[in-house]
Amino acid sequence: MSSASALRAPVPHATPAPAREQVLRPEVNEAHVRFIGLGKTYPGQAHPALHGIDLNIRRGEIFGIIGRSGAGKSSLLRTINRLEQPSEGRVLIDQVDIAPFDEDRLVSLRRRIGMIFQHFNLMSAKTVWQNVELPLKVAGVAKAERQRKVRELLELVGLEQKHHVYPAQLSGGQKQRVGIARALVHDPQILLCDEATSALDPETTASILDLLRDINRRLGLTIVLITHEMAVIRDICQRVVVLERGEVVEQGEVWQVFGAPRHEVTRTLLAPLQTKLPAALQANLRAQPVSQDAAVLLRLQLVGEPELSALFTDLGGRVRLLQGGVETIGEHALGQLVLAVRGSALGAHQLLERARRWAADVEVLGYVD
Ligand SMILES: Nc1ncnc2c1ncn2[C@@H]1O[C@H](COP(=O)(O)OP(=O)(O)OP(=O)(O)O)[C@@H](O)[C@H]1O
Ligand SMILES: [Mg+2]
């Protein structure tokens with residue numbers, strides 16, 4: 001299997017030199033964003049929204065944050081540009097602790113960090129052009145430069161023909177393209193996306209993901225992305241973290257976490273990506289075998305291309321394939337198989353152990369007669 005680092009998109013531009021006085025340990029210097037012992041308790045709340053978060057986000061990667069509603073995803077994301085102030089711990093951007101930043105440094109930090117949202121946050125009384133131009137005006141950029149920048153960005157997001165229309169006349173996907181153009185006006189190095197595709201249909205989502213991938217590659221931007229759509233993580237992220245009750249419960253390369261999720265929360269979150277069993281089969285599924293000759297149903301997650309004949313021989317008995325499919329994450333093939341094993345000398349537990357020799361993850365779904 002090739003190294004995981006091959007998954008990372010190439011970063012075309014040079015990395016800015018970190019502030020000399022704040023350079024930390026060399027082994028983590030590749031981290032673009034670093035959380036150290038981060039905690040956040042909102043006023044009046046008994047439980048912390050974030051607790052003990054230690055995490056590195058690498059320069060130029062697309063990093064996903066997942067977790068159930070209320071797990072702390074937005075709170076974590078918003079500490080990166082200090083829209084949220086941590087109660088404990090530190091956030092380092094380019095090795096620099098952003099906690100002591102005064103108003104001026106915060107403004108310049110926020111220009112280096114673009115953000116897009118689920119509901120686009122466009123100004124309805126302004127045209128597409130004016131929406132993108134506004135932050136440049138606020139920053140006091142001269143007119144000629146503003147025009148050059150807005151034209152360049154509208155071209156990048158494919159909206160040059162729509163520059164004169166108002167948001168109400170745009171589709172959801174087009175509105176998000178305006179949001180992306182606006183987020184890029186100050187040539188940020190980081191783009192934060194909080195549920196940026198959640199209001200979009202699958203086809204539009206795919207086109208926005210293509211755009212984000214393109215921006216990531218062409219501009220070398222680090223993208224940090226929250227989504228409840230696991231397919232988005234699968235399709236675009238290199239690494240992912242799973243939050244639960246404000247803590248990190250799992251993190252790693254997407255192909256590894258999705259291929260063999262370890263934590264119960266991750267399994268639950270990933271369930272929508274699993275092909276559903278046919279209704280008739282589901283209806284006949286039992287938790288315990290009813291007869292001696294009952295078939296054991298196993299769901300296997302395979303990474304790479306294991307030899308199935310050897311797996312079947314190992315399981316013994318008669319193995320039938322009920323469902324199967326292979327998808328590719330980065331350059332890794334992830335397969336999913338549902339097998340019915342009948343007449344094997346092995347019990348369910350032993351079958352599980354055997355199947356684990358071949359599969360990254362195995363689950364006994366139940367029994368059918
Ligand atoms: N401004 C606030 N004041 C008080 N509590 C808050 C505030 N913002 C968030 N919380 C609480 O902090 C916890 C984490 O919230 P957060 O918005 O970060 O979760 P999330 O993972 O983004 O959820 P969702 O998927 O629903 O967007 C929740 O319990 C939430 O109620
Ligand atoms: Mg949120």
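Up top is the structure these notes are about.
Conventions we followed
Residues numbered from 1 in each chain as written. Chains lettered and ligands numbered in written order. Predicted model: local features only at pLDDT ≥ 70, side-chain atom pairs only at ≥ 80, totals over all residues. Near = placed C-beta within 6 Å. Helix = DSSP H or I, 4+ residues; strand = E, 2+ residues; numbered from the N terminus. Nonpolar A, V, L, I, M, F, W, Y, C, P; charged D, E, K, R; others polar. Buried ≥ 20, exposed ≤ 12 C-beta atoms within 10 Å, placed from the backbone. Pairing = 2+ DSSP bridges. Right-handed = clockwise from strand over helix to strand, strands pointing away. Contact = placed C-beta atoms within 7 Å. Core = buried A, V, L, I, M, F, W, Y, C linked by C-beta atoms within 7 Å. Domains from an automatic or database assignment. Axes fitted to C-alpha atoms, helices over the stretch in contact; angles between N-to-C directions. Parallel < 35°, antiparallel > 145°, perpendicular 65-115°, else oblique. Left-handed = near helix turned anticlockwise from the far one by under 90°.

A.B. asks: How would you explain the site of ligand 1 if you had to name every residue and give the values?
C.D. replies: Lining the immediate environment of ligand 1, one finds Tyr42, Gln45, Ala49, Gly67, Ser69, Gly70, Ala71, Gly72, Lys73, Ser74 and Ser75. Counting residues per element, the shell around ligand 1 draws most heavily on helix α1 (residues 73-79), which supplies three residues. Looking at side-chain class alone, the shell around ligand 1 contains three nonpolar, seven polar and one charged residues.

A.B. asks: Report on the pairing of strand β8 (residues 222-226), specifying residues and quantitative values.
C.D. replies: On a regular strand, each side chain points to the face opposite its neighbour's, so the side chains alternate between the two faces of the sheet. With five of five residues buried, β8 lies mostly within the body of the structure. The sheet contact formed by strand β3 (residues 62-67) and β8 spans four bridges and is parallel. Looking across to β8, one finds that Ile65 is bridged to Ile226. Where strand β7 (residues 190-194) meets β8, five bridges bridge the pair, whose relative direction is parallel. Bridged to Ile190 within β8 is Thr222. Where the polypeptide runs from β7 across helix α6 (residues 202-219) and back to β8, its parallel neighbour, the crossover connection is right-handed.

A.B. asks: Requested: an account of the environment of Tyr367, with residues and values cited.
C.D. replies: Inspection of the secondary structure assignment puts Tyr367 in strand β14 (residues 361-368). Of the residues examined, Tyr367 has 20 C-beta atoms within 10 Å and is grouped as buried. Residues Tyr367 and Leu298, 69 residues apart in the sequence, show an inter-C-alpha distance of 9.1 Å. Excluding residues within four positions of it along the chain, Tyr367 makes contact with Arg286, Gln288, Pro289, Ala294, Ala295, Val296 and Leu297.

A.B. asks: Account for the nonpolar core, with residues named and values stated.
C.D. replies: In terms of nonpolar packing, the biggest core is built from 90 residues, with Val132, Ala181, Ile223, Val224 and Leu298 touching the most fellow members. A per-element tally of this core places strand β11 (residues 295-303) first, with seven residues. If you count residues domain by domain, this core takes at least three from each of domain 1 (21-271) and domain 2 (274-368). Not counting residues within four places of it along the chain, the set of residues in contact with Val224 comprises Ile57, Phe63, Ile65, Leu77, Ile80, Ile190 and Leu192.

A.B. asks: Which residues make up the sheet that holds strand β5 (residues 96-97), and what values go with them?
C.D. replies: Within the open sheet, the four strands sit side by side as β2-β1-β4-β5. Their pairing is antiparallel. The sheet is open, and its two borders are formed by β2 (50-58) and β5, each paired with just one other strand. With five bridges joining them, strand β1 (residues 31-40) and strand β4 (residues 88-93) adopt antiparallel strand pairing. Paired with Val33 across the strands is Ile93, a residue of β4.

A.B. asks: Can you break down the packing of helix α3 (residues 128-138) against helix α5 (residues 172-183) residue by residue, with the values?
C.D. replies: Where α3 contacts α5, the axes come no closer than 8 Å and their chain directions differ by 25°. Overall, the two elements α3 and α5 adopt an arrangement that is roughly parallel. In this structure, the crossing between α3 and α5 has a hand that is right-handed. In this structure, α3 contributes Val128, Asn131, Val132 and Pro135 to the contact, and α5 contributes Val178, Ala181 and Arg182.

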